[in-house]
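# Topology and contacts: notes
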Amino acid sequence: MQNKGIIKLFAILFGLVSIYQLSFTFKAGQIEDTAEAAAIAKYADTEPDYQSKRNVEELRYLDSLKTSKIKVGDNFEPIEVYNLGIAQYSYTEVENNAMNLGLDLKGGINVILQISVRDILKGLSDNSKDPIFNKALDDAEELQKDSQDSYLQSFFTAFDAIKGDTKLASPDIFANRSLSDEIKFDMSDNEVKSIIETKIDESIISAFEVLRKRIDKFGVTSPNIQRLGNSGRILLELPGAKDIERVKDLVTKTAQLQFWETYKTAEVVPYLLEVNQKLVEANKKAEPKEEVAEATETEDEGTADAIDELTGQIETDSTNVADVNPLGIQGYGNGGTSVVAMFLSKDKERVMAELNSSKHRASLPADMRYVRFVWGLQNEDSEYSELYAIKGNRDGEPELSGAVITDATQDYDPVSRPSVSMQMDARGSKIWEEMTKKAYETQGNIAIVLDNTVYSAPSVSTGAISGGRSQISGSFTLAEAVDLANVLRAGKLPASAQIVQADEVGPSLGQEAIDSGMQSFIIALAFVLLWMIFYYGKSGGFADIALLLNILLIFGVLASLGAVLTLPGIAGIVLTIGMSVDANVLIFERIKEEIAKGKTQKEAIKDGFSNALSSILDANITTGLTALILFVFGTGPIKGFATTLIIGILTSLFTAIFITRLLVDWYANRGGKLDFSTGLTKNLFKNLNVQFLKKRKIAYIISGALILASLGSLFTTGLDQGIDFVGGRTYQVRFDRDMSVEEVKADLHEVFESAEVKTIGGQNQLKISTKYKVEDSSTEADEEVQSMLFETLRKYLPDGMTYDEFLDGSGDKKIGKMLSSKVSPTIADDIKKSSIWAILGSLVVVFLYILLRFKKWQFSLGAVSAVFHDVLIVLGIYSITWRFMPFSMEIDQTFIAAILTVIGYSLNDTVVVFDRIREYFNDNLGWEFGETINRSINSTISRTLNTSLTTLVVLLAMFLFGADSLKDLLFALIVGVIVGTYSSVFIATPIMYDTARKGSATEALKNKAKEEAEEA
């Protein structure tokens, strides 16, 4: 081997860099453990809501390490937490260099946001009232349900279908004042479409940047935000985020900040009383007439009572709703304040519907016809909500909006409550000065409205406010004030954003995944290391050293690249361990063959490495191609699986080809003797002469029967499609006792109409799926479903468990919601179709690669037929067994990852056999075609069984001792390895043989072999 010195130097440096990089991960873990211990010491588990307090304290501790500074000489520097002697690091630097853990290992949230292109289009049209335009928007919504097109393309399609003589360049649509510089009246629809496409793209980029700025200020480690094509979807991954509801609120808030003048209480109360009286009369008309003994109160008495209530002389009897107070007024603001009235929070929707009813609004005075009723910020400790009335206008546009805000910071008001201070630009400052001057002179109030909620409505007591400074104060927490300042500073979203897919994982579930993953990792590694020594002796020990270096390099590269390690990623690494020995097995088997030919040890080693190289490269390239496709099509954990698999393939090649070679050459050059076997394995599989081709008809019958059974089950029973493919919400809930699936399912059916309940892991852990309100992706719907779930399960939960404790299932008791996922039907359809394309794409790519590599379509046909065979059987086994297996077997993105891995593994096996067939054609041109194939399979059977056995045992270790959430993935891989090993010998090769021996294909193969031999 040439350049041994350079390879040694590179290996040493590569290893040292990996150790250096991983040291930050261990240090970060120590610091986080210290923070957790400090939080536990401060808040005992006897305190109410102790887990939330601990979370806040832990974050405070870590934040203090980031922000606190100490004086060093004349300068202030960050606190040193890690000293390597030659360099010192702050906690921020340690955190940035540590390995990034995915949310399934660290807990957190992974969401896909859909930016509303409909909202953007309405904004671009200046909220056009054109009926054709609005009908096209509605039709586009319907088209989206069964279309892969973007919403914009669906809108164009819908508009073209109904437009008649209406043009997009109509002054009532896009040729408006706002777009007058770009869209002219005489433009064609195609010209306008091009401009609108650009505008939509700009708006989505704007939304992406706004969200990125918000998330950057949120303080989570290694957030990931990326735009998904041109769909208007944005992926957010926030590992370690513990306050999930706060995250959801932060990323979906549009931040439509507006400043409005308000009406005073006395100006609006007459309207409230009139609406209330109309409802009283309507109720009386609806009631059957009865003889009443008591005299009816006169109209004068009713008016007097209303006046008394207004002046605070009597209390409204809210219990006698139908007769006296059907509107549900609970009290009024003082005569000169901006609070109009108070209502029960549960009545808000009904009250707003009555006040905005056209039959009631018709009686408003002319100068109040544009009044807007808005609720104030809800105080969590109160059951009442405050109603405000703001002075609207015909256009519905405020005199001043949040667009003028140039800066916003968290602050405190005069009574030390959290608030937000804002600075406006020059234009905003001037308008603000005029508004505050008017408010001062009229003793009025200015309502600060954010996303249609009044945060505060202060009066102006010191005259006009110049300079553009203002403050928002209200009944919100410090965290809410910080988030509000971040949102205002980052800017508003150009349109509403809905969470169409979400995965939430509690931190304790993540820790359990790490523990179980490491346990299975160690068991699998121990087996592989011992097996290599058992089978190959001293040379197996050298392979073990290369394998250990390979693992170090995989983790080092992941940390260096800032890649995210996920639970499927750990599975990918463990799978790499099983597959990485394949290269060493190929090399050692070839060396044994060369020694059997009578070559010296040095010659055998040299030729063995050289002859195995082609098979090693072909096998790893085919697996790498499927991993690459998985990386392109996958998201979140699946991308993590593909990442580790790709890195593992590259590092395995380096360690097997170079490091093992260095160690073997070093030992041989010192005079050491290597047999590449032990006493028990020396003659194993030697002189094997099985006539595999003669058994192909039996194999065809067996495979045909399995495929027919699979297809029959797929067409009748079908597959258990997860929410990734059908949409819905899924929750993983842990209880303190074993549960009856049927009993829980019956209770949930009464509430949600349809629900699926399965055990996952132990009998005390259930996976609950429902399609209730599946079309509604709003956070309000999420909260409603989650709350209904809690109320239904309350009787099975520990006595006294609160809703907040249920949501925080990651607490010390580890009872409650551990994980939740959501997928909207639209994105579910997209996931299903992209998964199908991923599988078909991998088959096409591999077919072309094998065709290019082996020059004959018969090889490609054999390989792809074997892959189809394997995929159908795996699907069939899932279809037959999912109803009674003790773990979830849903078909989701993780399962697609398993299928693609099975494809790669099956091809890996097949390509090794094909490589040997091609080689034997070169070396033994006089052999019969069938004899060449049989001998090729016999010569590789040791490698095939060795690799399959090690991979299978590794997967079994993960299946038995790993995380419950991976059992479906691992089961598919276990079935795939068994079926793939069988198909490479009994399906791929026989099909290639049967198609090649027809016509002149056999002779063509031999002629090609002769040409290659002559060229060599």
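Quick note: structure is the one above.
If you're wondering where the values come from, they're calculated on a predicted model, not measured in any experiment.

Looking only at helices and strands, the chain features 31 helices and 25 strands. Buried residues in the chain amount to 52% of all 1016 residues. Contacts spanning at least 24 positions in sequence make up 74% of the contacts within the chain whose residues lie at least 6 apart. Carbon and sulfur atoms provide 55% of the accessible area of the chain, an area that totals close to 46,300 Å².

It is worth spelling out the environment of L711 at this point. As for its placement among the helices and strands, L711 is situated in helix α21 (residues 696-716). Considered as a pair, L711 and L872 are 161 residues apart in the sequence and their alpha carbons are 7.6 Å apart.

Before going further, it helps to examine the pairing of strand β18 (residues 453-456). The pairing of strand β17 (residues 446-450) with β18 spans 3 bridges and is antiparallel. The residue bridging I448 from the neighbouring strand is S456, located in β18.

Moving on to the sheet that holds strand β10 (residues 329-332). Backbone-to-backbone hydrogen bonds pair the strands of a sheet. The strands run either parallel or antiparallel. Reading across the sheet, the 4 strands line up as β10-β11-β13-β12 and stay open at both edges, with antiparallel pairing between neighbours. Because the sheet does not close on itself, it has two edges, and the strands there are β10 and β12 (372-375). On average, each strand axis in the sheet is tilted by 30° relative to the strand beside it, whichever way the strands run. As paired elements, strand β11 (residues 339-344) and strand β13 (residues 384-390) share 5 bridges and run antiparallel to each other. Bridge assignment links L344 to a residue of β13, and that residue is Y384. In this fold helix α12 (residues 348-355) packs onto β11, β12 and β13, with an angle of close to 170° to the strand it touches most, β12.

Counted by the stated rule, this structure contains 31 salt bridges. Note that R918 is salt-bridged to D915, the shortest N-O span being 2.5 Å. Of this pair, R918 and D915 are both found in helix α28 (residues 893-923), 3 residues apart, which corresponds to roughly one turn of the helix. Through salt bridges with shared partners, one network takes in D160, K163, D189 and K193.

Bringing unusual backbone geometry into the picture now. One non-glycine residue with positive phi stands out, namely D126, at about 60°. By the secondary structure assignment, D126 is in the loop between α5 (117-124) and α6 (131-144). At N127, a position not held by glycine, the phi torsion is positive, near 55°.

Scanning the entire structure with this criterion turns up 31 aromatic pairs. Look at Y82 and Y89: their rings are 6.2 Å apart centre to centre, the planes differ by 35°, and that puts the pair in the tilted class. For Y89, a relative accessible area of 13% puts it in the buried group. Put simply, the rings of F527, W531, F534, Y535, Y536, F588 and F676 pair up and form one aromatic cluster. Above the plane of the ring of F609 lies R661, whose end atom (NZ or CZ) is 4.9 Å from the centre. Of note, K967 hangs over the ring of F959, and the distance from its end group to the ring centre comes to 5.0 Å.

Right, let's get into the side chain of T944. Looking at the secondary structure, you find T944 in helix α29 (residues 929-961). When neighbours within four sequence positions are excluded, T944 is seen to be in contact with D909 and T981.

Before going further, it helps to spend a moment on the packing of helix α23 (residues 741-752) against helix α24 (residues 779-793). At their nearest, the axes of α23 and α24 sit 10 Å apart, and the two run at 135° to each other. In terms of their interaxial angle, α23 and α24 are classed as oblique. Helix-helix and strand crossings are classified by hand; for α23 and α24 the assignment is right-handed. On the side of α23, the interface is formed by V744, D747, L748, V751 and F752, while α24 contributes V785, M788, L789, T792 and L793.

Before going further, it helps to examine a nonpolar patch on the surface. The grouping of L628, F631, V632, F633, I836, W837 and L840 at the surface amounts to a nonpolar patch, some 690 Å² of accessible area in total. Taken together, the elements giving at least two residues each to the nonpolar patch come down to α19 (601-633) and α26 (825-854). By residue number, the principal contributor to the nonpolar patch is α19, which donates 4 residues. Relative to the assigned elements, F633 resides in helix α19.

Taking 1.5 Å as the rise per residue, helix α7 (residues 151-162) with 12 residues should run 16 Å; its terminal C-alpha atoms sit 17 Å apart, in good agreement. Of the residues making up α7, those classed as buried are Y151, L152, S154, F155, F156, A158 and F159. Positioned one or two residues after α7, G164 has a phi angle of 60°, which is positive.

Parameters at a glance
- Residues numbered from 1 in each chain as written.
- Predicted model: local features only at pLDDT ≥ 70, side-chain atom pairs only at ≥ 80, totals over all residues.
- Heavy atoms only, no water.
- Helix = DSSP H or I, 4+ residues; strand = E, 2+ residues; numbered from the N terminus.
- Buried < 20%, exposed > 50% of the residue type's maximum accessible area, 1.4 Å probe, protein only.
- Contact = heavy atoms within 4.5 Å.
- Areas by Shrake-Rupley, 256 points an atom, 1.4 Å probe, with all protein chains shown as cover.
- Pairing = 2+ DSSP bridges.
- Axes fitted to C-alpha atoms, helices over the stretch in contact; angles between N-to-C directions.
- Salt bridge = Lys/Arg side-chain N within 4 Å of Asp/Glu carboxyl O.
- Phe/Tyr/Trp six-rings, centres within 6.5 Å; stacked < 30°, edge-to-face > 60°.
- Lys NZ or Arg CZ within 6 Å of the ring centre and 35° of its normal.
- Parallel < 35°, antiparallel > 145°, perpendicular 65-115°, else oblique.
- Left-handed = near helix turned anticlockwise from the far one by under 90°.
- Patch = residues over 30% accessible without salt bridge, like charges linked within 9 Å, V, L, I, M, F, W, Y side chains within 5 Å.
- Expected span 1.5 Å × (residues − 1).

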